Amino acid sequence: MAEERMLKFVTVSRDMPEKRPPRLRTDDFGEIYGEFVRDKAEEQAGRCSQCGVPYCQSHCPLHNNIPDWLMLTAEGRLREAYELSQATNTFPEICGRICPQDRLCEGNCVIEQAGHGTVTIGAVEKYITDTAWEQGWVQPIRPAAERDESVGIVGAGPGGLAAADLLRRAGVQVTVYDRHDRAGGLMTYGIPGFKLEKDVVMQRVAQLEDGGVTFRLNCEVGTDISWDDLRGVHDAVLIATGVYRSRELEAPGSEAQGIVRAIDYLTASNRKSFGDDVPEFDDGTLNAEGKRVVVIGGGDTAMDCVRTAVRQGATSVKCLYRRDRANMPGSQREVANAEEEGVEFVWLSAPAGFTAGGRQKGAVAGVAVEGTDEGRVAGVTVQKMRLGAPDATGRQVPQLIEGSDYTEDAELVIKALGFEPEELVRLWGVEGLEVTRWGTVKADFRTHETSLPGVYACGDIQRGASLVVWAIRDGREAAEAMLARFAGRGAIAAE
Ligand SMILES: Cc1cc2nc3c(=O)[nH]c(=O)nc-3n(C[C@H](O)[C@H](O)[C@H](O)COP(=O)(O)OP(=O)(O)OC[C@H]3O[C@@H](n4cnc5c(N)ncnc54)[C@H](O)[C@@H]3O)c2cc1C
Ligand code: SF4
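Parameters at a glance
Along each chain, residues carry numbers from 1 onward, in the same order as the chain's sequence is written. All chains are assigned letters beginning at A, and all ligands numbers beginning at 1, according to the order in which they are written. In keeping with the model being predicted, local features are shown solely for residues with a pLDDT of at least 70 and side-chain atom pairs are shown and tallied solely at 80 or more, while totals for entire chains, interfaces and linings include all residues. Hydrogens and waters are ignored; side-chain quantities use all the structure's heavy atoms. Working definition: residue near molecule or strand if any one of its non-hydrogen atoms lies within 4 Å of it. Under the scheme applied here, ten amino acids are nonpolar (Ala, Val, Leu, Ile, Met, Phe, Trp, Tyr, Cys and Pro), four are charged (Asp, Glu, Lys and Arg), and all others, including Gly, are polar. Runs of H or I in DSSP of at least four residues are treated as helices and runs of E of at least two as strands, each being numbered from the N terminus. Only heavy atoms enter the contact rule, under which two residues are in contact if any of them lie within 4.5 Å. Note that the domain bounds reflect an automated or database-derived domain assignment. Summed over both partners, the accessible area (1.4 Å probe) lost when two parts come together is defined as the buried area. In what follows, salt bridge is the name for a side-chain nitrogen of Lys or Arg lying within 4 Å of a carboxyl oxygen of Asp or Glu. Polar contacts here mean pairs of N or O atoms no more than 3.5 Å apart (in protein, one a potential hydrogen donor and the other a potential acceptor; neighbouring residues in sequence count only if both atoms are side-chain atoms). Categorising residues by exposure relies on relative accessible area from a 1.4 Å probe, with only protein chains included: less than 20% of the type maximum marks a residue as buried, more than 50% marks it as exposed, and the intermediate range marks it as partly exposed. When DSSP locates at least two bridges between a pair of strands, those strands are taken to pair. Angles run from 0 to 180 degrees between N-to-C directions of axes, and those axes are lines fitted to C-alpha atoms, restricted for helices to the stretch in contact. What makes a nonpolar core is a set of buried Ala, Val, Leu, Ile, Met, Phe, Trp, Tyr and Cys residues whose side-chain atoms join them at distances within 4.5 Å. The scheme is simple: roughly parallel for angles under 35 degrees, roughly antiparallel for over 145, roughly perpendicular for 65 to 115, oblique for anything else. Working definition of accessibility: Shrake-Rupley area with a 1.4 Å probe, residue cover restricted to the visible protein chains.

Peer 1: Just to check I follow, could you spell out the site of ligand 2 for this structure?
Peer 2: Taken together, 13 residues lie near ligand 2, and C60, N64, C99, C105 and E125 sit nearest. Broken down by class, the residue content of the shell around ligand 2 amounts to 9 nonpolar, 3 polar and 1 charged.

If you want it as structure tokens, here you go:
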């Protein structure tokens, strides 16, 4: 019976849910992919070859039991598929939407390697959990018994929320602190709605609140509450603060107005999507409307900036990256989406400086403005590069081509060069918390215990800028380690 439903990869070709045409999808911030209809999800799940050694599972950071939930979906047993899928993943509908599947589960699908096109694992995972929400199968968190232990979690991103979920299910008293006014971390204020609509995140936050997790928002640890006070009121603390220090660009003219940081730009755009008042958007500072936009960088953040600029009504959007397409860190799927939406990639190009005296061109609160301003950016001086010999990491090093400079005109330049950790030890005045030479918090990679007794770390602040799925895994592992400790099954190394 199962065999009839599965192994259809030879006769059924790979299909994704319908993608909205670029012309229509760039008019709004809604997600670009639709949902499978039931028959299609069952058919696509049935393409799985049910291999003995599922490489998709071993390359999923959560080791999701992918072959089994694909088989259950193909057999129409969706509720069981959901139960299995949520057993290993706190937010399957979010991972199904935004994991770079081409580098994780789907990139290691055996039938892809045999030339048949990968099983659309992410889209099926999303379908299963979206259906579970619609059908009311997603159960509220109701612990069997309350426990006395209390955990303080600093940071309401995917790492902190995944830990909160597991701890609360076990009856632990959980308080999540975040300096933002909404929970979700980069899922709320970094990643744009066209990849992850905000109500998908907010529905999970509401589920946690309803299950008894206390959120203290607009509360910055180190400012609104001291580290010592926080440590004093909880039996254990999880540091899940992410990485937010933007890498800067040291180049002549980089102080000009109109050169902005990606995180500020994306946060403003996401806040507008929530309907918030955002003065820096309304006065044109963080709004691409009517401007020629240059984004510098080749990672996921750069991809999100270029596509946001298109939706805001930029007159042109170019992305400068110092390596080539094959060597960029961003997902190839996102590059293809950006190209479809009209973004031009200028490969093997690096900024040497910025010219000023730009036009104040664009719209301020919907009113067109134009004029010159010596303090404003007018363009980017671009240096062309070639790829030289590989370095110690095996990546080819970009080398300058002398005399190849030219200027790209721009009224808005967005720097998307990556993020580094903030200096928590100094900012919070934490004695004894060890950090790595990159500034990330040093913690055991299995238990997530830090050098301080009862203090754990997870997600980007432990591993450096990474992915939502890794933060979820870390948060779950940290919660399990805390529960083991509360049960007297595991003492932390420092004790
Ligand atoms: C633009 C962008 C796009 C991305 N796209 C993807 C993608 O498509 N797929 C993917 O898998 N990953 C993506 N990522 C990466 C992913 O978002 C992160 O790896 C993930 O969110 C890290 O989770 P986290 O819980 O460690 O931290 P975060 O999500 O960064 O959350 C940390 C939280 O801690 C809070 N905080 C920090 N300091 C304090 C303090 N002192 N007091 C109180 N609160 C504090 C912050 O306000 C924040 O809410 C993207 C990242 C960016 C920037
Ligand atoms: S969590 Fe991410 S890597 Fe794992 S199966 Fe889902 S989409 Fe693939």
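Peer 1: Hey, could you run me through the environment of V317 in this one?
Peer 2: Looking at the secondary structure, you find V317 in strand 8 (residues 316–320). Excluding residues that lie within four positions of it along the chain, V317 makes contacts with V293, V306, A309, V310, G342, V343 and E344.

Peer 1: Even after reading the chapter, I still don't get the domain arrangement of the protein, so can you show me in this structure?
Peer 2: A common way to report how large an interface is uses the accessible area buried once the components associate. Its domain assignment divides the protein into domain 1 (2–135), domain 2 (150–243 + 421–486) and domain 3 (248–414). With centres defined by C-alpha atoms, the gap from domain 1 to domain 3 works out at 33 Å. With 13 residues of domain 1 in contact, the opposing surface of domain 3 contributes 16 residues. Overall, the association of domain 1 and domain 3 removes approximately 1100 Å² of surface from exposure, summing both partners, and the carbon and sulfur fraction of that is 43%. There are 3 salt bridges connecting domain 1 and domain 3. Where domain 1 touches domain 3, the interface holds 9 residue pairs in polar contact (both at pLDDT 80 or more).

Peer 1: Quick question: what am I supposed to make of the pattern of salt bridges here?
Peer 2: Pairing between side chains becomes possible if they bear opposite charge and their charged atoms approach one another. What the rule picks out here adds up to 42 salt bridges. Across the pair R77 and E75 runs a salt bridge, and its minimum N-O distance is 2.7 Å. A salt bridge links R147 to E149; the nearest nitrogen and oxygen atoms lie 2.9 Å apart. Judged by relative accessible area, which is 26%, R147 ranks as partly exposed. One connected set of salt bridges, linked through shared partners, spans K19, R25, R307, R311, R333, E334, E340 and E341.

Peer 1: Could you clarify how one ought to interpret the side chain of S269 in this entry?
Peer 2: Here S269 is to be found in helix 14 (residues 262–274). Here S269 falls in the buried class, since its relative accessible area comes to 6%. Excluding anything up to four places from it in sequence, S269 contacts F29, T308 and Q312.

Peer 1: What exactly am I supposed to notice about the sheet that holds strand 18 (residues 455–457) here?
Peer 2: Strand pairing in a sheet relies on backbone hydrogen bonds. The paired strands run either parallel or antiparallel. Strand order in the open sheet formed by 5 strands is 3-2-1-4-18, with parallel pairing between adjacent strands. Bordering the open sheet on either side are strand 3 (214–216) and strand 18, each of which pairs with just one other strand. With direction set aside, neighbouring strand axes in the sheet form an average angle of 20°. Pairing geometry for strand 2 (residues 173–177) and strand 3, over 3 bridges, is parallel. Bridge pairing links Y177 to R216 in strand 3.

Peer 1: So what exactly am I meant to see when it comes to the nonpolar core here?
Peer 2: Inside soluble globular proteins, nonpolar side chains tend to come together where they are buried. One finds I94, I153, L167, F215, L238 and M482 to be the most contacted residues of the largest nonpolar core, which totals 73 residues. Each of domain 1 (2–135) and domain 2 (150–243 + 421–486) contributes no fewer than three residues to this core. In this structure, L167 is in contact with V151, I153, V172, V174, A479, M482 and L483, ignoring residues within four places of it in sequence. Counting residues in each nonpolar core, the second largest holds 30 residues, with L286, M303, V310 and V317 among its members.

Peer 1: Whenever I open this one, the packing of helix 6 (residues 78–88) against helix 9 (residues 121–135) confuses me. Can you help?
Peer 2: The description of two helices packed together rests on the angle between their axes and the distance between the axes. Direction vectors running N to C along helix 6 and helix 9 enclose 105°, while the axes themselves pass 9 Å from each other. With respect to helix 9, the axis of helix 6 lies roughly perpendicular. Here L78, A81, Y82 and S85 of helix 6 come into contact with helix 9, specifically with E125, Y127, I128, T129, T131 and A132. Among the residues forming the contact of helix 6 with helix 9, the class breakdown is 6 nonpolar, 3 polar and 1 charged.

Peer 1: Please explain the site of ligand 1 as it appears in this structure.
Peer 2: As a matter of local geometry, ligand 1 sits amid 34 residues, with I98, D178, K195, Y244 and D460 nearest to it. For ligand 1, a nitrogen atom lies 2.8 Å from a polar atom in the backbone of I98. In the model, an oxygen atom of ligand 1 is placed 2.9 Å from a nitrogen or oxygen of the G159 main chain. Contact with the protein chains removes 97% of the 1000 Å² of surface that ligand 1 exposes when unbound. Mapped onto the shell around ligand 1, the elements with two or more residues apiece are helix 10 (158–169), helix 16 (300–312) and helix 20 (468–486). Taken together, the residues of the shell around ligand 1 sort by class into 17 nonpolar, 11 polar and 6 charged. The residue makeup of the shell around ligand 1 includes at least three contributed by each of domain 2 (150–243 + 421–486) and domain 3 (248–414).

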